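Chain and residue survey
One-letter residues, chain by chain:
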Amino acid sequence: MSKKRQRDTEQPAANAPAHLAATLGQQTSHVKNKLVRAELYGKLKHKQKKQKRAERKKRQAEAARAEELGLEPPPKKQQKTLESTRENDVTMVDEGDEEIHLDEADDEFAAHFARHREPKVLITTCYKPSKIMYACLTEMLAVLPCAEYYRRQGFQLKKIVQFAANRDFSDLLVFNEDRKEVNGVLHVHLPDGPTAHYRISNMVLGKDIKGHGRPSSHRPE
């Protein structure tokens, strides 16, 4: 091996704690030759996996020994996640923040999540629904036991919203289709909104799914 290749494969001095916390890419970034860098990276990766495997077996052996002796097992190693590695800053909010509780109480869906009002959904369609639309509505009524279907009968959307609000419906779903394909649904939360439109694409009915199940009596969320 030439001196240049030997210099490339040598790792940086491991005399600082920062080197121990460095990633494999940082440990091999000083190597200019791509092939040598890839070879060094593979060796470090294999060494890292071997070390992790040994540590895992050691922890398992300690836990088994503690269980045999009737002792408390050693604490599990905490995984590094976004929440566990998050650093506190000014944008974070405490759980007991009074302002946050007031905002949540003023939310449009606060009564829904607190279950102060039982959901009651009115389902309708566009002006001239096709056979595919009725098949879709049949499955929606099976999934949502709290829903009722009303024919559109040429009424404008504004009148339908007023009709649903006067009869204590909590939500209004208006399904739309284009060229005999269901392509969207308009969701209106009554009586004060908000309103959202969802696009539907590549819809597959339950009867077209092999081995499909049947809706249960469980209340949907």
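Description of the structure in this document. What you are looking at is a predicted structure, and each value in this text was computed from that prediction instead of being measured. (Residues numbered from 1 in each chain as written. Predicted model: local features only at pLDDT ≥ 70, side-chain atom pairs only at ≥ 80, totals over all residues. Heavy atoms only, no water.)

1. Description of helix H7 (residues 131–143)
Compared with an ideal rise of 1.5 Å per residue, which puts 13 residues at 18 Å, H7 spans 19 Å between its outermost C-alpha atoms and is within 8% of the ideal. All of the buried residues along H7 are Met133, Cys136 and Leu137. Projection of H7 onto a plane perpendicular to its axis shows the buried side chains occupying an angular sector of 100 degrees, all on one side. Residues of H7 that are exposed and point more than 90 degrees away from the buried face comprise Lys131 and Thr138. (Helix = DSSP H or I, 4+ residues; strand = E, 2+ residues; numbered from the N terminus. Expected span 1.5 Å × (residues − 1). Buried < 20%, exposed > 50% of the residue type's maximum accessible area, 1.4 Å probe, protein only. Arc of directions from axis to C-beta.)

2. Quick word on the sheet that holds strand S3 (residues 171–177)
As summarised here, the arrangement of the five strands in space is S2-S1-S3-S4-S5, forming an open sheet in which the pairing is mixed. Edge positions in the sheet fall to strand S2 (147–149) and strand S5 (195–199), since each of these pairs with one other strand and no more. Neighbouring strand axes in the sheet, compared pairwise and without regard to direction, differ in orientation by 20 degrees on average. Where strand S1 (residues 121–125) meets S3, five bridges bridge the pair, whose relative direction is parallel. For leucine 122, the partnering residue across the bridge sits in S3 and is leucine 172. Seen against the sheet, H7 touches S1, S2, S3 and strand S4 (182–189) and runs at an angle of roughly 150 degrees to S3. (Pairing = 2+ DSSP bridges. Axes fitted to C-alpha atoms, helices over the stretch in contact; angles between N-to-C directions. Contact = heavy atoms within 4.5 Å.)

3. Some details on the packing of aromatic side chains
The final tally for this structure, using the stated rule, is three aromatic pairs. Directly above the aromatic system of phenylalanine 169 lies the positively charged group of lysine 120, at a separation of 4.6 Å from the ring centroid. If you follow arginine 152 out to its NZ or CZ, it ends over the ring of tyrosine 127, 4.4 Å from the centre. (Phe/Tyr/Trp six-rings, centres within 6.5 Å; stacked < 30°, edge-to-face > 60°. Lys NZ or Arg CZ within 6 Å of the ring centre and 35° of its normal.)

4. Description of the nonpolar core
Of all hydrophobic cores here, the largest spans 13 residues; its most connected members are Ile123, Met133, Leu173 and Phe175. Considering every element that reaches this core, the biggest residue donor is H7, with three residues. (Core = buried A, V, L, I, M, F, W, Y, C linked by side-chain atoms within 4.5 Å.)

5. Points about a negative patch on the surface
On the surface, Glu99, Asp103, Glu104, Asp106 and Asp107 cluster together into a patch of negative charge. Considering the arrangement of structural elements, one finds glutamate 99 in helix H5 (residues 98–105). (Patch = residues over 30% accessible without salt bridge, like charges linked within 9 Å, V, L, I, M, F, W, Y side chains within 5 Å. Areas by Shrake-Rupley, 256 points an atom, 1.4 Å probe, with all protein chains shown as cover. Salt bridge = Lys/Arg side-chain N within 4 Å of Asp/Glu carboxyl O. Lys, Arg positive; Asp, Glu negative; His and termini not counted. Charge placed at Lys NZ, Arg CZ, Asp CG, Glu CD.)

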